[in-house]
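# Structural overview for review
As a plain string of letters, each chain reads:
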Amino acid sequence: MAEHVLLIGGGGREHAIARALEGGSGGEVDLYACAGNRNPGIARLATEFETLETTNPKAVREYAEDVGATLAVVGPEAPLEAGVVDELEDAGIYAFGPKAEEARIETDKAFQRRFMAEHDVPGCPEFETFDDMDAACDFIDEYDGDLAIKPAGLTGGKGVKVIGDQVTAEEGKAYIRDSDYDRIVLEERLVGEEFTVQAFVADGEVRTAPAVQDHKRAYEGDEGPNTGGMGSYSDATFELPFMTDADYEEAVSVIEATVDALEGYRGILYGQFMLTSEGPKVIEFNARFGDPEAMNTLPVLETPFLDVLTAARDGDELPALEFASQATVCKYAVPEGYPTDPKAGAKVQVDEESAGDALLYYASVDERDDGIYTTTSRAFAVVGVADSITEAEEIAEDALEVAGEEGLHVRHDIGKPDLVQQRIDHVEELRGK
Ligand code: AMP
Ligand code: GLY
């Protein structure tokens, strides 16, 4: 009998999950999907697509029961925080994702840092947590060095301000005073190159994927405000060109230590690291696949994703994961003005047929009777997959040219040889080579 898999979420990450959910070795999949927006890519792959509020656990449960879901996969963080996994479990439906309590490793950054400190998880920067904003501003004045200012709750990747990078100390203090955050974390500013390692986790077992580098800043040359991620690349090996095997292994051991300490965690654990002169340090954990990183990882995953899910649900050993030895480059097309003043409601004209060798993923767009429209978030992504980063980048660029990015903004520099080389030079400089 086919598994009835319910996919929750309607972004580019979820479109990639939907594609990865084609049949496993145990049988076929009947895909059902729900999201706040109608994602045309997912809708096409699904037997049924329901628009609903995914942060309403009861609504998700009702739909899951209606379609006879035998498994669920939660893409975004907001439904995890809202307790969708807990609610589905109450209904006897296994969801691959952490319950609200375990998802705090992402949804509460103050909890996350204290957890790392209490359990001696390696790679934790110096930090202090505050619920008194005046005390936080005093700490900025007294601290010897630059700090990163982080709201404790979810901000879609857009709430962090780094003193000495994006803002001055005075601007940082004004940001704290003018925002209405009730808790913030101040932590040591980490300097280096960022990378992501995502792990598939169930019953204490951990299977990691190749490292990916996302690009958070809105504009080329890493300028502009932070976004949810403008694009990302991975290499044909598990490491990125600026990393050694030992750096990757160190990141994996941080993830393993975290899973050991987080009893009962299941789903994806995403570690975001800064490769500093002292090795990898944790920027944050996420309780789900990265977006865009899922679009780098899932296309090269050769082991059927369904096999991972059924093993996790059935309490079997997770399969060893096979990844194709291929590099990937993902570039997002986002609405004009994103992220500060995004233009929603613009018609998106994508010529899918012309995407050529690239993969095309729809993200936070909404399909209506007369076409596809932007929302306030990222619109669609193209992904090139090839033997080298350079070739994968060319495939992605060719696809953008023909798929049409009119009225949308793209960071064309992602994955280009110059930028990749800058990262290598940066790490060599940090390491004093
Ligand atoms: P987050 O929302 O925690 O992913 O942070 C968003 C971005 O802020 C990260 O991708 C980093 O570029 C930056 N960031 C966060 N924490 C630090 C830190 N301690 N030092 C330097 N940059 C940071
Ligand atoms: N790419 C960053 C994130 O998914 O949070």
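A few points on the structure. (Residues numbered from 1 in each chain as written. Chains lettered and ligands numbered in written order. Predicted model: local features only at pLDDT ≥ 70, side-chain atom pairs only at ≥ 80, totals over all residues. Heavy atoms only, no water.)

## Points about the overall build of the protein chain
Scanning the protein chain from terminus to terminus reveals 14 helices and 23 strands. Burial status across the protein chain gives 58% buried among its 433 residues. Once local pairs closer than 6 in sequence are excluded, the contacts in the protein chain between residues at least 24 apart make up 69%. In the structure as shown, the protein chain presents an accessible area of about 17000 Å², 41% of it carried by carbon and sulfur atoms. For the protein chain, the distance from the average site of its 35 positive side-chain charges to the average site of its 92 negative ones is 3 Å. (Helix = DSSP H or I, 4+ residues; strand = E, 2+ residues; numbered from the N terminus. Buried < 20%, exposed > 50% of the residue type's maximum accessible area, 1.4 Å probe, protein only. Contact = heavy atoms within 4.5 Å. Areas by Shrake-Rupley, 256 points an atom, 1.4 Å probe, with all protein chains shown as cover. Lys, Arg positive; Asp, Glu negative; His and termini not counted. Charge placed at Lys NZ, Arg CZ, Asp CG, Glu CD.)

## Focus on the pairing of strand E10 (residues 193-202)
Of all ten residues making up E10, nine are buried, and the element is well covered by its neighbours. As paired strands, E10 and strand E16 (residues 267-276) are joined by nine bridges and run antiparallel to one another. Bridge pairing in E16 places glutamine 198 opposite tyrosine 270. Alignment of E10 against strand E11 (residues 205-208), held across four bridges, turns out to be antiparallel. Residue pairing for E11: alanine 202 is matched across the bridge by glutamate 205. (Pairing = 2+ DSSP bridges.)

## Quick look at the environment of alanine 346
By the secondary structure assignment, alanine 346 is in the loop between strand E18 (327-335) and strand E19 (359-362). Classification of alanine 346 by relative accessible area gives partly exposed; the value is 22%. When sequence neighbours within four positions are dropped, the list of residues in contact with alanine 346 reads Ile372, Tyr373 and Thr374.

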